[in-house]
Structures are given as structure tokens and as C-alpha cells.
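Structural features, examined
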Amino acid sequence: MLDALISTVLDWAITDSPEAAARLAQLPRASQVERRVLLRALLNLREPGPIPAAIQADLDQLLAAELAERGVVAGDQLPATAADPRLVLWRGDITRLQVDAIVNAANSALLGCFVPLHRCIDNAIGSAAGPGLRNECAAIMAQRGRPEPTGTATLTGGYCLPAAHVIHTVGPIVRGELTDNHEAQLVSCYRSCLQAMDDAGLRSIALCCISTGEFGYPKAPAARTAVATVRDYLAGETGIERVIFNVFTDEDLATYRQLLGPDA
């Protein structure tokens, strides 16, 4: 079934974006895995725009089948920390988490990553959610008519993700010495994401390590800021019941564990 879905959507994507297909002509396409990689790369390059209903249905079915293979992780079933039952530390693929919202470390265009097969979280989330996410972001940005400012947050749907929503935030870019302004901007990112949750009446959120990848923010200071900001926000009036600190590397796991303490 997967091979037929991949082939159908891939044939459409090649016809839909001949320039992108020519750019990716060097990618192999003999096996099912290779064709799926090519399809992801083509969708990474595709500009926002409508998709035929039949193709969209096939793509949704494909993404749902792939999610089932990866396995959905129920955020409310993860063990909480002993110090605060609202805080959770989890290492894994954020696109598997079933929560009210996951956070995407976005760029100021807010249209997702256009670099084919890039390893950033923006690419991972956009690829797993499907093109509907990029289309919604494009509509929002066209209405605003300006880039997304650093430190703010924008709520969208989750589309083919198990998370109901995605909260997009643009973190500070650090090139050289870390400054007080960088820290203030990162604090604003986390507070804006949490405020967006409260504004929408949402209860559970998974936070990525904002700005610590391509944007160059040092990991340990970023983790300290993230945990301190979340604790400070939760000390006030809020309806948020669960905050998952989602990490991907051994280094991040060890850093956050030291900050959050053991699980209950």
C-alpha cells in the first residue's frame, strides 16, 4: 500500500514542480525508500499552494501510515518529574508526541524549511505535518505582510501530526558572544509559546530546544533559561497542566535532567 501511495504522490509532485524535480535529478529512485526520500525533498522545495483533493487524500493516508509505523507517544502518559508533576523530560522525535501543541523553532518567514532533507526541526515538523501546515503559515504571513519577529509565537493547526497544534517561534541567532539581549529574546520565545497556549485554552505542550541548532545558541545556557522561564510562568495564573521538555541528544538530556531533577 505504501509503495502505491508514494508512487502516486511522487508522480504528481514531479509534474507539479518540474524545476524542483530537475534540481533533485541526482537523487536515486529505484527503491521505495529512495522514492520516499525524493518525495520529501520535492515537498520541502514546494512553494505554498493548493493540492488536488485526491492527491491530498493519498498524502494524508501516507503520512498517517508512516506515523503509525513510528508510533504515537501519548504525552499525558510520560513520567513527570518528582519536583513538579506538570514538568516532563522526554527524549525522542517530537513529531510522535500526542499533545495539544508542539513548538517549532521557525525562521522569520514562517514558511518552514525549504532546504531539501535538512535535519532541522522545522523541516522535520513540516514534513510530518504535510503541506497544509505551510499553506496555513503562508496565509497568515500574507495577511500580516511582515516577517515574524523574534520572541513571538504563532499558533496553527497540526495537520497530519498527532499534536493538535503547532506553535511557531523565532529564536535569537547567536553568532559570537552570548548577550543579555539574546537571553531576553529566548525568554520571550518561551513565554510567548506558553501564553499562546493559555490564550487558546490548551493544556499540554512539548517544547523543543529553541535556537540551539542552526541558530547557534549555546545549549547549557539555553536550557537554564528554558527551565527557569517555564517555572516562572507556571508559578502564575495558567491553565497549562503539562510541559514536556523534548530533547534529542545525550548532551541535552543530561543538561535538562540536572536542571529538572529525577522523575517521580
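1. Quick notes on the pairing of strand E7 (residues 204–207)
Taking every second residue as pointing to the same face, both faces of E7 are buried, with Ser204 and Ala206 on one and Ile205 and Leu207 on the other. As judged from the two bridges shared by strand E4 (residues 101–106) and E7, these two strands associate in the parallel manner. Within the sheet, the bridge partner assigned to Ile102 lies in E7 and is Ala206. Here E7 runs beside strand E8 (residues 242–247); their pairing, made up of four bridges, is parallel. Its bridge partner being in E8, Ala206 is matched across the sheet by Ile244. Read from E7 through helix H8 (residues 219–234) to E8, the crossover connection turns out right-handed.

2. As for the sheet that holds strand E6 (residues 165–170)
The strand order E2-E8-E7-E4-E6-E5 describes an open sheet built from six strands, whose pairing is mixed. With one partner strand each, in any of the chains shown, strand E2 (87–91) and strand E5 (153–157) form the two edges of the open sheet. Each neighbouring strand pair of the sheet contributes to a mean axis angle of 25°, computed without reference to strand direction. Strand direction decides the pairing type here: E4 and E6, joined by six bridges, are parallel.

3. Some words on the layout of surface pockets
Approximately 1,200 Å³ is the volume found for the largest pocket. Taken together, 45 residues form the lining of the largest pocket, with Arg119, Cys120, Ile121, Asp122 and Ala124 sitting closest to its centre. Listing elements by their share of the lining of the largest pocket, those giving two or more residues are helix H3 (32–45), helix H4 (53–70), E4, helix H5 (121–129) and E8. Residues that form the lining of the largest pocket fall into these classes: 22 nonpolar, twelve polar and eleven charged. Roughly 170 Å³ of volume is contained in the second largest pocket. For the second largest pocket, the full set of lining residues is Leu2, Ile6, Gln32, Val33, Arg36, Val37, Arg40, Glu66 and Leu117. Secondary-structure elements contributing two or more residues to the lining of the second largest pocket are helix H1 (2–16) and H3. The element best represented in the lining of the second largest pocket is H3, accounting for five residues.

Here is what the cut-offs are and how they apply
Residues numbered from 1 in each chain as written. Predicted model: local features only at pLDDT ≥ 70, side-chain atom pairs only at ≥ 80, totals over all residues. Heavy atoms only, no water. Buried < 20%, exposed > 50% of the residue type's maximum accessible area, 1.4 Å probe, protein only. Helix = DSSP H or I, 4+ residues; strand = E, 2+ residues; numbered from the N terminus. Pairing = 2+ DSSP bridges. Right-handed = clockwise from strand over helix to strand, strands pointing away. Axes fitted to C-alpha atoms, helices over the stretch in contact; angles between N-to-C directions. 1 Å grid on protein atoms, 1.4 Å probe; cavity = no way out; pocket = protein on both sides within 12 Å on 5 of 7 lines; lining within 4 Å. Points joined across faces, edges and corners; volume = space filled by probe spheres on them. Nonpolar A, V, L, I, M, F, W, Y, C, P; charged D, E, K, R; others polar.

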